[in-house]
Amino acid sequence: MKLVYSRQAVGDLKRIAEYYRSEASPFVARAIGQRIEDVIARIAISPESAPRVSQRSNVRTAAVIRYPFRIFYRVQTDRIEILHIRHTSRRPF
């Protein structure tokens, strides 16, 4: 299935990378980025495996293990839309 990133998701990724590069280190920023990419690759292989968001039944959420982020996405007929990448301390959606 084709992966499509929303404008919001692209912005989320940029903000995450910028924050961790400046507040931690480039190594930490790369590690988090790689882990997010790994989870998205898992979503592409098995998009129905993550639980649905209770308030929005067409949206699913996958945890980024080891890091405090969740990836929100929607499965369409021919594509997977990555909607948001959110820190777990923030409002869910």
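Refer to the structure printed above.
Residues numbered from 1 in each chain as written. Predicted model: local features only at pLDDT ≥ 70, side-chain atom pairs only at ≥ 80, totals over all residues. Heavy atoms only, no water.

1. Re the layout of surface pockets
Approximately 220 Å³ is the volume found for the largest pocket. Lining the largest pocket are 13 residues; nearest its centre among them are Leu-13, Ala-17, Ala-29, Gly-33 and Glu-37. Where the lining of the largest pocket is concerned, the elements lending two or more residues are α1 (7–23) and α2 (26–45). By residue number, the principal contributor to the lining of the largest pocket is α2, which donates 8 residues. Split into classes, the residues belonging to the lining of the largest pocket amount to 9 nonpolar, 1 polar and 3 charged. (1 Å grid on protein atoms, 1.4 Å probe; cavity = no way out; pocket = protein on both sides within 12 Å on 5 of 7 lines; lining within 4 Å. Points joined across faces, edges and corners; volume = space filled by probe spheres on them. Helix = DSSP H or I, 4+ residues; strand = E, 2+ residues; numbered from the N terminus. Nonpolar A, V, L, I, M, F, W, Y, C, P; charged D, E, K, R; others polar.)

2. A word on the nonpolar core
With 18 residues, the main nonpolar core has Ile-36, Ile-71, Ile-82 and Ile-85 as its most contacted residues. Among the secondary structure elements, those contributing two or more residues to this core are α1, α2, β3 (56–64), β4 (69–75) and β5 (79–87). Setting aside residues no more than four positions away along its own chain, Ile-85 makes contact with Ala-9, Asp-12, Leu-13, Ile-16, Ile-36, Phe-69, Arg-70 and Ile-71. (Core = buried A, V, L, I, M, F, W, Y, C linked by side-chain atoms within 4.5 Å. Buried < 20%, exposed > 50% of the residue type's maximum accessible area, 1.4 Å probe, protein only. Contact = heavy atoms within 4.5 Å.)

3. Points about the packing of α1 against α2
Following both chains from N to C, one finds α1 and α2 inclined at 150 degrees, their axes separated by 7 Å at the closest point. Here α1 lies roughly antiparallel to α2, going by the angle between them. Seen from above, α1 lies across α2 with right-handed handedness. Note on element contacts: α2 touches α1 through Pro-26, Val-28, Ala-29, Ile-32 and Ile-36, opposite Leu-13, Ile-16, Ala-17, Tyr-20 and Arg-21. Broken down by class, the residue content of the contact of α1 with α2 amounts to 9 nonpolar, no polar and 1 charged. (Axes fitted to C-alpha atoms, helices over the stretch in contact; angles between N-to-C directions. Parallel < 35°, antiparallel > 145°, perpendicular 65-115°, else oblique. Left-handed = near helix turned anticlockwise from the far one by under 90°.)

4. Describing the pattern of salt bridges
Under the definition given, this model contains 5 salt bridges. With its nearest N and O atoms 2.8 Å apart, the salt bridge here joins Asp-12 to Arg-15. Pair noted here: Asp-12 and Arg-15 are both in helix α1, with a separation of 3 residues, about one helical turn. The exposure class assigned to Asp-12 is buried, which follows from its relative accessible area of 3%. Taking relative accessible area as the criterion, Arg-15 reaches 46% and is therefore assigned partly exposed. As a salt-bridge pair, Glu-81 and Arg-79 come within 3.2 Å of each other at their nearest N and O atoms. By relative accessible area, Glu-81 is classed as buried at 15%. Looking at Arg-79, the relative accessible area reads 29%, which means it is partly exposed. In the salt-bridge network here, residues are joined through shared partners; they are Arg-74, Asp-78, Arg-79 and Glu-81. (Salt bridge = Lys/Arg side-chain N within 4 Å of Asp/Glu carboxyl O.)

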